[in-house]
Every structure is written in structure tokens, then in C-alpha cells.
Amino acid sequence: MSTALGEGQLDALREVGNIGAGTAATALSTLLGAPVAMAVPRARVLPLERIPREVGGDDELVAAVLLGVTGEAPGHMLLTMGLASARAITAALLGRPAGDPGDPELDEMELSALQEVGNILTSAYLGALTSLTGLRLEPTPPALGVDLSDALLGSALAEVAGDAEAALLIDARIGGLGAERAGCLMFLPEPGALEVVLERLGVGG
Amino acid sequence: MSAGRAPLPVGLGSIVTSADAGDVLKATGLGSCVGVVIADPARGVAGMAHVMLPEAPAGAPASADGRYADRAVPALRDRLVALGARRRSLVATIAGGARMFGSGSGAGSRDVGRRNDAAVRAALVRAGVGLRAADTGGGRGRTLSVSVADGAVSVRPVGGEPVLL
């Protein structure tokens, strides 16, 4: 992927991220019956190696949901949540006390609740992107992992990046549920898909 | 393991080598990535690569060598030899190659971990470096470290205790 996106193009992508993330935050808020905030997203093209550092977390335990995006602008969506936040979300959804935040083993109910959260956030995000661009986009079924942030991000990037040198990262921090940085929602479009999105936004190269 | 200084981090896609007996090299959070340690313990030279993908695409720059199994292994070997290691004394230890995203059908289906593991083993054979020990596969992240002084390698699974390999 070319790393030479103009500032106007990055602004347009940030706006897409903003609308997508805002819609996703509203959906999560409705689901949980509690306020969820999402920071204004950042949009930038980064060498793959730098993405884990930018997202942060390093050796924190996190839960991550990875979904493919199919349709006219394919790519991936990745949701990461600190383990304590993931447990708070599942507890709220399942109506039971939160489990031990230091224990990486989640039970079947918790795993499926988190996959559902990934589904809902991603569908809301992609729905907003579709309204904005008219592009048809569908999520694939979610895959879930609970482990060190670096281990999950490195693996997700290997799945996502293929032969790309760099990737466009549009990420929004999620706050709420007693945590300022509960999680991060990322959209990683494929290189070809990026051109399609930029074209539709009227800022094509 | 020698104590004292903070370990040198081996980040995603990078290669770190040392001939300083006080150094410990460490890759935190190997998921589907494979950490490749190659050392000449008698000479006190060791290095580690944090491999992310099995094969370099055509035209990938040399600066990205550490990212790909097929490029990282010979590059690491050559750097160690340049630091004074004897080629025939080099031994390798690898860890990682897990499947991190368990369920679901679409995403995670490339099974990069298993392919990385296979590609690293093949590259070691081509590079003429014997594999001394391996801890690969499964579904958990690992942290891998090597002490340059004696080439001792330890691996710690997430939520577990370090084990010498």
C-alpha cells in the first residue's frame, strides 16, 4: 500500500471512522443500558510493525474479536477490550457478577457474548459506512481470542496484511463501564478497498 | 538467566543480536508469530527474530527481512557469524505459531501460525542450522527469552510459569 495519503484523504477517513464509531458506541450503549463513549478516531497509514505499539496494551491481557469485511470494500474489523472491561461487558449482558479479571479462561457463555458484542459494533460501524458511501459491506462471522495484546494484534495483522507493507488503521478508543480505555475498534481495509472508499468520498487519487 | 539489565525487546518483525554476556533478548506476546533463537553458546553470541509471516513477497525490501521466515532465518544466521559465532556451532530454538483466533469461519482461517512454524523449520534446514528445541502450536501466546551468556532459552506461556527449553 502506498503510504502517501494526503491530509484531505485522511480527514475524510477519520470522518468515516467518527460516524462509524459513534454509531457503534450508541449500539453498545443500548445493548448494555449504560453510557459508552467513543473518542474521535485517528486515521493513519502505518508500517505493520508499528501498529501494536500504537494500539497499546503490550503485555496486557485482552479479549479480541476479529471479523472479515466482505463486499465492495473488503478488509477486517478488529475489536480489542481489556480483560476487565470484557468481563464487565459480559457480566452486564448475561446479568451475573463479573469473573476474575486476571483469569484468561472465559466460559462458553462469555465467549459467545463477546462475539455478539463484536458483531453488533461491527455491523453498526459498517452500516454507517454504507449509508455514507453507498458501498455494500457485510461482516463475516466473528473469531475470538483472549491473550496478550501483542500476541493477538500480531496474529490479527498477519491474517489481515498478507503481503502489504503498511496498513491503514482507523481506530477509536472506547470508554465507559468504569474504564477510561475499555477498548479499541479498528478498521483495516485492504489496499484496493481503500481506493474504492476514497473514490466514493470524493477524495480519490 | 543472568539478572541485572532490562531485557532487550525483540519487536514484531525485528531481528536483534548480541555478543554481550550481560544481555537477555526477549520477545513478548508471540501469538501466531514465531520467535527464532539462534545461538553459539560457546562463543557467547545469540540472536532472535520475531517472524510474522511465512514468505516474503517479491520485491520486499531488506529492511523487512525480520518479518518473513524465509528471509529472517538466513539474515539472523549471517549477523551472528559476523559477530563471531561459528557457523557449525549454531543451534536454534523456536516458540510460537499458535492459533489465536479460535472460533468463527471467515477471519483467522489463514492459519498463519501453523504456516509460520513450518516455514521457519524449513528455513532452518536450508540455512544449515540444527533445531535444538521447539515449543510451537496450541492456542496460547508465549513470551520467549534467551540469555546471551550461555544461550539458555526460556519460554513462558500466558498465565503460566517460565520453562527452560
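Right above here is the structure, for reference.
Residues numbered from 1 in each chain as written. Chains lettered and ligands numbered in written order. Predicted model: local features only at pLDDT ≥ 70, side-chain atom pairs only at ≥ 80, totals over all residues. Heavy atoms only, no water.

Before going further, it helps to examine the side chain of R77 of chain B. Here R77 of chain B lies in helix α1 (residues 69–82). Given a relative accessible area of 11%, R77 of chain B falls into the buried group. (Helix = DSSP H or I, 4+ residues; strand = E, 2+ residues; numbered from the N terminus. Buried < 20%, exposed > 50% of the residue type's maximum accessible area, 1.4 Å probe, protein only.)

Between its terminal C-alpha atoms helix α5 (residues 149–161) of chain A stretches 17 Å, which fits the 18 Å expected from 13 residues at 1.5 Å a residue. Counting buried positions along α5 of chain A yields 13 of 13 residues, so the element is predominantly enclosed. (Expected span 1.5 Å × (residues − 1).)

The next subject is the interface of chain A and chain B. When the parts of a complex come together, some accessible area is lost, and that lost area is often used as the size of the interface. Facing the 37 residues of chain A at the interface are 34 residues of chain B. Overall, the association of chain A and chain B removes approximately 2,500 Å² of surface from exposure, summing both partners, and the carbon and sulfur fraction of that is 57%. Ranking the residues of chain A by area buried against chain B places E49, E159 and E165 of chain A at the top, with a combined share of 23%. Viewed at the interface, chain B and chain A are joined by three salt bridges. Here R140 of chain B makes a salt bridge to E105 of chain A, at a shortest N to O gap of 2.7 Å. Inspection of the chain A/chain B interface yields six residue pairs in polar contact (both at pLDDT 80 or more). Of all elements in the fold, only β3 (61–71), β4 (75–82), β6 (143–148) and α5 of chain A reach the threshold of two or more residues within the side of chain A that touches chain B. In terms of residue count, α5 of chain A provides more of the side of chain A that touches chain B than any other element does, nine residues in total. Grouping the amino acids of the side of chain A that touches chain B by side-chain chemistry returns 21 nonpolar, eight polar and eight charged. (Contact = heavy atoms within 4.5 Å. Buried area = accessible area lost by both parts, 1.4 Å probe. Salt bridge = Lys/Arg side-chain N within 4 Å of Asp/Glu carboxyl O. Polar contact = N/O pair within 3.5 Å; in protein donor to acceptor, adjacent residues only side chain to side chain. Nonpolar A, V, L, I, M, F, W, Y, C, P; charged D, E, K, R; others polar.)

Spatially, five strands are ordered β1-β3-β8-β9-β10 (chain B) in an open sheet, and the strand pairing comes out mixed. A strand with exactly one partner marks an edge of an open sheet, and here the two such strands are β1 (8–9) and β10 (163–164) of chain B. (Pairing = 2+ DSSP bridges.)

All names here are of chain A. Axis separation between helix α1 (residues 7–32) and helix α4 (residues 108–133) bottoms out at 8 Å; the angle between their running directions is 140 degrees. Accordingly, the angle class assigned to the pair α1 and α4 is oblique. As α1 packs across α4, the resulting crossing turns out to be right-handed. Every residue of α4 that contacts α1 at V16, G17, I19, G20, A21, T23, A24, A25, A27, L28 and L31 is listed here: V117, I120, L121, A124, Y125, A128, L129 and L132. Partitioned by chemical class, the residues of the contact of α1 with α4 number 16 nonpolar, three polar and no charged. (Axes fitted to C-alpha atoms, helices over the stretch in contact; angles between N-to-C directions. Parallel < 35°, antiparallel > 145°, perpendicular 65-115°, else oblique. Left-handed = near helix turned anticlockwise from the far one by under 90°.)

All right, on to the sheet that holds strand β2 (residues 15–18) of chain B then. Residues and elements named next belong to chain B. Within the open sheet, the five strands sit side by side as β2-β5-β4-β6-β7. Their pairing is mixed. Only two strands of the sheet have a single partner each, and these edge strands are β2 and β7 (130–136). Averaged over all neighbouring strand pairs, the angle between strand axes comes to 15 degrees, with direction disregarded. Sheet topology note: the strand β4 (residues 34–40)/strand β5 (residues 45–51) ladder contains seven bridges and is antiparallel. In the strand pairing of β5, G35 is matched with H50. Across the face of the sheet, helix α2 (residues 112–127) comes into contact with β4, β5, β6 (91–96) and β7 while running at roughly 25 degrees to β4.

The next point concerns the pairing of β5 of chain B. Residues and elements named next belong to chain B. Counting buried residues in β5 gives seven out of seven residues, a clear majority hidden from the surface. Pairing analysis gives four bridges linking β2 to β5, with the strands arranged antiparallel. Directly across from S18, in β5, lies its bridge partner A46. Counted along the chain from β4 to the antiparallel partner β5, the turn is four residues long, and its residue G44 has a positive phi close to 65 degrees.

So, about the pattern of salt bridges. All told, the structure shown has 17 salt bridges over all chains when counted by the stated rule. Here D20 of chain B and R5 of chain B are joined by a salt bridge, their closest N and O atoms 3.1 Å apart. Of the two residues, D20 of chain B is situated in the loop between β2 and β3 (24–30) and R5 of chain B in the segment before β1; the sequence distance between them amounts to 15 residues. Taking the relative accessible area as the measure of exposure, D20 of chain B reaches 35% and is therefore partly exposed. The exposure class of R5 of chain B is partly exposed, given its relative accessible area of 48%. A salt bridge links R86 of chain B to D40 of chain B; the nearest nitrogen and oxygen atoms lie 3.3 Å apart. Taken as a pair, R86 of chain B in the loop between α1 and β6 and D40 of chain B in strand β4 lie far apart in primary sequence, 46 residues in all. Here R86 of chain B falls in the partly exposed class, since its relative accessible area comes to 33%. One continuous salt-bridge network, built from bridges that share partners, spans E7, D11 and R14 of chain A.

Residues and elements named next belong to chain A. One pass over the full model with this rule turns up one aromatic pair over all chains. Measuring from centroid to centroid gives 5.9 Å for Y125 and F187, while their planes differ by 55 degrees, and the two rings are tilted. Of this pair, Y125 sits in helix α4 while F187 sits in strand β8 (residues 179–189), and the two are 62 residues apart along the sequence. The same class applies to Y125 and to F187, which are both buried. (Phe/Tyr/Trp six-rings, centres within 6.5 Å; stacked < 30°, edge-to-face > 60°.)

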